[in-house]
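The primary structure of each chain is shown beneath.
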Amino acid sequence: MPKLKLSDRQLYALIEAVKLGEEIKPSQSAKRTAFAKYRIDGWENSKLTGIFYSIQRRLGLIDEIIEELVGVSPLILDPWLRATMRVAVEVAVFRDPSEKTRQHLKGLAQFLSKRTHPYAGYYYYDILPRILEYMPVIDSEEKRLKWDYLFPEWFIRRMKGLLGDEAEWLLKALNETLPTSIRVNLLKATIEDVEGYLGRKNVRFERSERVSTVIRILDPFNPEWLFNKGWAIAQEEAAAVASLLLAPEPGETVVDLAAAPGGKTAHMAELMKNEGKIYAFDVDGARIKRMREVLKRTDVEIAETIRADGRKAPDMLGEGIADRVMLDAPCTSDGTIAKNPELRWRFREKNIQKVVALQRELIESAWRLLRPGGRMLYSTCSMLPEENEGVVKWFLGRHDDAELVPLNGPYDEGFLPGTMRAWPHRHGTIGFFYALMEKKGD
Ligand SMILES: C[S@@+](CC[C@H](N)C(=O)[O-])C[C@H]1O[C@@H](n2cnc3c(N)ncnc32)[C@H](O)[C@@H]1O
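Basis of the calculations
- Residues numbered from 1 in each chain as written.
- Predicted model: local features only at pLDDT ≥ 70, side-chain atom pairs only at ≥ 80, totals over all residues.
- Heavy atoms only, no water.
- Pairing = 2+ DSSP bridges.
- Helix = DSSP H or I, 4+ residues; strand = E, 2+ residues; numbered from the N terminus.
- Right-handed = clockwise from strand over helix to strand, strands pointing away.
- UniProt positions renumbered as here; feature names shortened; annotations may be inferred.
- Buried < 20%, exposed > 50% of the residue type's maximum accessible area, 1.4 Å probe, protein only.
- Contact = heavy atoms within 4.5 Å.

Focus on the pairing of strand β9 (residues 370–380)
So, step 1. Pairing of strand β8 (residues 322–328) with β9 involves six bridges; the strand directions are parallel. Within the sheet, the bridge partner assigned to Val325 lies in β9 and is Met376.
So, step 2. In the classification by handedness, the crossover that spans β8, the intervening helix α16 (residues 352–369) and the parallel β9 is right-handed.
So, step 3. Looking at chain direction, β9 and strand β13 (residues 432–439) are connected through six bridges and run antiparallel. Along β13, the bridge assignment pairs Tyr378 with Ala435.

Quick notes on the UniProt feature "binding site: S-adenosyl-L-methionine" (unreviewed entry) in the protein
So, step 1. Taken from the UniProt record, the annotation "binding site: S-adenosyl-L-methionine" (unreviewed entry) applies to Ala258, Ala259, Ala260, Pro261, Gly262, Gly263, Lys264, Asp282, Asp309 and Asp328.
So, step 2. Looking at where Ala259 falls in the secondary structure, it is placed in the loop between β5 (253–256) and α13 (263–271).
So, step 3. On the basis of relative accessibility, which here comes to 6%, the residue Ala259 falls in the buried class.
So, step 4. Note that Asp282 resides in strand β6 (residues 277–282).
So, step 5. For Asp282, a relative accessible area of 9% corresponds to the buried category.
So, step 6. Dropping the residues within four chain positions of it, Asp282 is found in contact with Ala258, Ala259, Ala260, Ile288, Ile306, Arg307 and Ala308.

Describing the environment of Ile40
So, step 1. Within the secondary structure, Ile40 sits in the loop between α2 (27–37) and α3 (42–70).
So, step 2. Spatially, the C-alpha atom of Ile40 lies 36 Å from that of Glu293, the residues being 253 residues apart in sequence.
So, step 3. When residues no more than four places from it in sequence are discounted, the contact partners of Ile40 are Arg9, Gln10, Ala13, Phe35, Asn45 and Leu48.

Right under this line is the structure:
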């Protein structure tokens, strides 16, 4: 492999992009703005884009290295200093820089002094030799997996606890890019309409074997036209399975307790043939707005969107009013890392209990809404047992009138018999958990 050559200007562009990436989301816009400032174009753009994204993917690991070297979390350092160190670690530790590039890395001390404070420049100059000489100590299996697949050690430990040696297969799958997945909206189009459109655009695609209306697009292609027309919406196969398991019927009353941006609400309205009523709750105003747009585009007529805390829903609507309740609970979302690579460094082990507490309160509300004989689906896009089997076990222990309806596919049984899990490495979709419960006493 030839040694990596980066000019001063290219390093400056990377530093600005990394710094802006903390302020502007998605990070793609930050990169575009910074690269435009330094007139990064053509081949230069492809090369620096690759480096920029690998910094984003490795961010947690890069920050751990900085912390090891400077003794404090980089999060408390000056933002210019932090961005410069992150770029320096990427270039010096993870790549093989040419001698000239190593000199340019030294020159960054001056760049830093001008951008922020001379003290930051001195500080960086002092630390740089340690960055250039850094050699990781990989003395355990968790550390090896961390360096190979870029996940926090606590997450690796947990996945190994669940899957044993199979965990490595999962970590690998979470690093692979999933094809864009869409679900045809039968309220407005047929599967043939959508496939015909993709065919005319010369795009390769495949129909999901588990959900006939889900199509995976295999070439780089933006399906926005299909979304704008309301012919399809972005949805993963595992998410589409949730509404199919709850199986609401035309004319029923349904509550979707954490509904935005409306993927499952729209799917349930389709299954109900736009007959009946869906109350779609969410606390997040921006996400409710997106949901309203989705429901309008997809011609859903039976959903009422309500911006409120799902825990208040029984007081607002009354108890026992619903034939079905969908609780697609807020969760750590670790099952979606393949779609959101930077997420792996954002969620923290210590936050899990907070999420679980909210999930417990929401499942209690969901139950109060349900009529005897009605059914509730509890789902998450997390793979952590606390958020899944843990919540369901806790709930079943409190309610004698709750009965688990065993799920027999299309995915694998969860760690509690009768529940189900979709696994990224086994099923080629996002990680998902499902438990269907019925209220006795109809
Ligand atoms: C997994 S997402 C829902 C995705 C949605 N069901 C779909 O299929 O498009 C979880 C949602 O829960 C919402 N949420 C978080 N806390 C909530 C609460 N206390 N009450 C209602 N919704 C809440 C979040 O804003 C988020 O939109």
